[in-house]
Amino acid sequence: PWPLARIVGIDAFEAWAGWDARLVARVLLAAATVGIVAILLRSPRDDRRMIPLAVILQVHAYALVGTSVHENHTLLAVILAPLLWRLWPRDRPLLATTSGFAFVSLFLAAGFGRRITRQAEIEALRRLTGMDLAVLAAVAHVVLVTALFLWAARTRRAPARTSGQAPPERPV
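Now for a description of the structure that goes with this document. Only a predicted model underlies this, so the values are computations on that prediction, with no experimental measurement involved. (Residues numbered from 1 in each chain as written. Predicted model: local features only at pLDDT ≥ 70, side-chain atom pairs only at ≥ 80, totals over all residues. Heavy atoms only, no water.)

1. So, the overall build of the protein chain
Formally: A run of H or I in DSSP counts as a helix once it spans at least four residues, and a run of E counts as a strand once it spans at least two, with each numbered from the N terminus. Only protein chains enter the accessibility calculation, which uses a 1.4 Å probe; a residue whose area is less than 20% of its type maximum is buried, one above 50% is exposed, and one in between is partly exposed. Whether two residues are in contact is decided by their heavy atoms: any pair within 4.5 Å suffices. Method for areas: the Shrake-Rupley scheme with a 1.4 Å probe, in which residue coverage is limited to the protein chains shown.
Counting its regular elements, the protein chain contains 7 helices and 0 strands. Taking all 172 residues of the protein chain together, the buried fraction comes to 31%. Considering only contacts within the protein chain whose residues lie at least 6 apart along the sequence, 66% involve residues at least 24 apart. Accessible area for the protein chain stands at about 11400 Å²; split by element, carbon and sulfur atoms hold 64% of it.

Here it is as structure tokens:
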């Protein structure tokens with residue numbers, strides 16, 4: 001019932017829509033970067049989770065709102081997610097979702113590769129629900145990035161301590 005989504009060049013999009021997607025993408029990416037810096041500034045200095053999490057957030061923000069971005073641009077987030085595996089055991093499903101998203105996006109774009117999966121098979125799979133599964137994966141990416149930002153924003157600054165007082169223990 002719905003055609004498969006196709007990639008449209010920036011110039012063709014601008015001619016059709018009447019506005020420059022690059023400008024909107026840059027503004028949204030700048031807003032995401034400011035949000036990430038704010039999260040970093042309010043997080044405890046000794047919290048080892050925040051640097052890899054900030055990079056994961058930046059990678060996903062870029063992949064979500066950037067122009068001329070491909071599925072493989074999220075692979076850095078997949079590589080960094082294991083750094084957080086032991087530090088945030090309670091939130092492992094969200095970390096695993098970054099890998100799952102990369103797999104689904106790459107699979108829906110190219111399958112398992114040219115000699116293993118034919119493009120016709122991938123297109124048939126994408127049509128299974130009547131709406132292109134690649135579009136549903138893109139919507140899921142919006143949900144994932146929002147969840148990652150909310151998850152990171154939950155980190156609170158460590159309470160100030162008075163001199164001579166031991167730092168409060170935090171569960172890992």
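Back to the text.
2. Describing the packing of aromatic side chains
The condition that has to hold: We call Phe, Tyr and Trp rings a pair once their centres come within 6.5 Å, taking the six-membered ring for Trp, and we label the pair stacked below 30 degrees between planes, edge-to-face above 60, and tilted otherwise.
In total, this model carries 5 aromatic pairs according to the counting rule given. Aromatic pair Phe103 and Phe107: ring centres 5.8 Å apart, planes at 20°, arrangement stacked. Of the two residues, Phe103 and Phe107 both sit in helix 5 (residues 92–110), 4 residues apart, roughly one turn of that helix. Look at Phe103 and you get partly exposed, because its relative accessible area is 46%. Taking the centre distance of 6.3 Å and the plane angle of 40° together, the rings of Phe103 and Phe112 count as tilted. Overall, Phe112 belongs to the exposed group, its relative accessible area being 52%. By way of ring pairs, the aromatic residues Phe13, Trp16 and Trp19 are connected into one cluster.

3. Remarks on the packing of helix 3 (residues 50–65) against helix 7 (residues 133–153)
Operational definition: Lines are fitted to the C-alpha atoms to define the axes, a helix being fitted only along its stretch in contact, and any angle between axes, read from their N-to-C directions, falls within 0 to 180 degrees. Put simply, angles under 35 degrees are roughly parallel, angles over 145 are roughly antiparallel, angles from 65 to 115 are roughly perpendicular, and the rest are oblique. In this scheme the crossing of two helices becomes right-handed for a clockwise turn of the near helix relative to the far one and left-handed for an anticlockwise turn of less than a right angle. Throughout, the ten residues Ala, Val, Leu, Ile, Met, Phe, Trp, Tyr, Cys and Pro are labelled nonpolar, Asp, Glu, Lys and Arg are labelled charged, and all others, Gly among them, are labelled polar.
Look at helix 3 against helix 7: their axes get within 10 Å of each other, and the N-to-C directions meet at 155°. Between helix 3 and helix 7, the interaxial angle falls into the category roughly antiparallel. The interaxial crossing formed by helix 3 with helix 7 has left-handed handedness. Listed contacts from helix 7 to Met50, Leu53, Ile56, Leu57, His60, Ala63 and Leu64 of helix 3 are His141, Val142, Leu144, Val145, Leu148, Phe149, Trp151 and Ala152. A per-class count over the contact of helix 3 with helix 7 returns 13 nonpolar, 2 polar and no charged.

4. A few points about the environment of Thr117
Locating Thr117 in the fold gives a position in the loop between helix 5 and helix 6 (119–126). Owing to a relative accessible area of 11%, Thr117 belongs among the buried residues under this scheme. Along the backbone, Thr117 and Phe107 are 10 residues apart, and their C-alpha atoms lie at a distance of 9.5 Å. Not counting residues within four places of it along the chain, the set of residues in contact with Thr117 comprises Gly111, Phe112 and Ile122.

5. Topic: helix 3
Helical periodicity: at 3.6 residues per turn, an α-helix aligns residues three or four positions apart in one direction. The test is simple: Helix span, expected: 1.5 Å multiplied by one less than the number of residues in the helix.
Along its 16 residues, helix 3 runs 22 Å from first to last C-alpha, staying within 8% of the 22 Å computed at 1.5 Å per residue. All of the buried residues along helix 3 are Met50, Pro52, Leu53, Ala54, Ile56, Leu57, Val59, His60, Ala61 and Ala63. Of the surrounding elements, those touching the buried residues of helix 3 are helix 2 (21–42), helix 4 (75–80), helix 5 and helix 7.

6. Some points on the packing of helix 5 against helix 7
Across the interface, helix 5 lies against helix 7 with an axial gap of 10 Å and an inter-helix angle of 160°. Of the possible angle classes, the one that applies to helix 5 and helix 7 is roughly antiparallel. Classified by chirality, the crossing of helix 7 by helix 5 is left-handed. Counted together, Leu94, Leu95, Thr97, Thr98, Phe101, Val104 and Leu108 of helix 5 and Leu133, Ala134, Ala137, His141, Leu144, Ala147, Leu148 and Trp151 of helix 7 form the full contact between these two elements.

7. Description of unusual backbone geometry
At Ser68, a position not held by glycine, the phi torsion is positive, near 60°. Here Ser68 lies in the loop between helix 3 and helix 4. On the basis of relative accessible area, Ser68 is assigned to the exposed category, the value being 59%.

These values are about where atoms sit, not about what they do.
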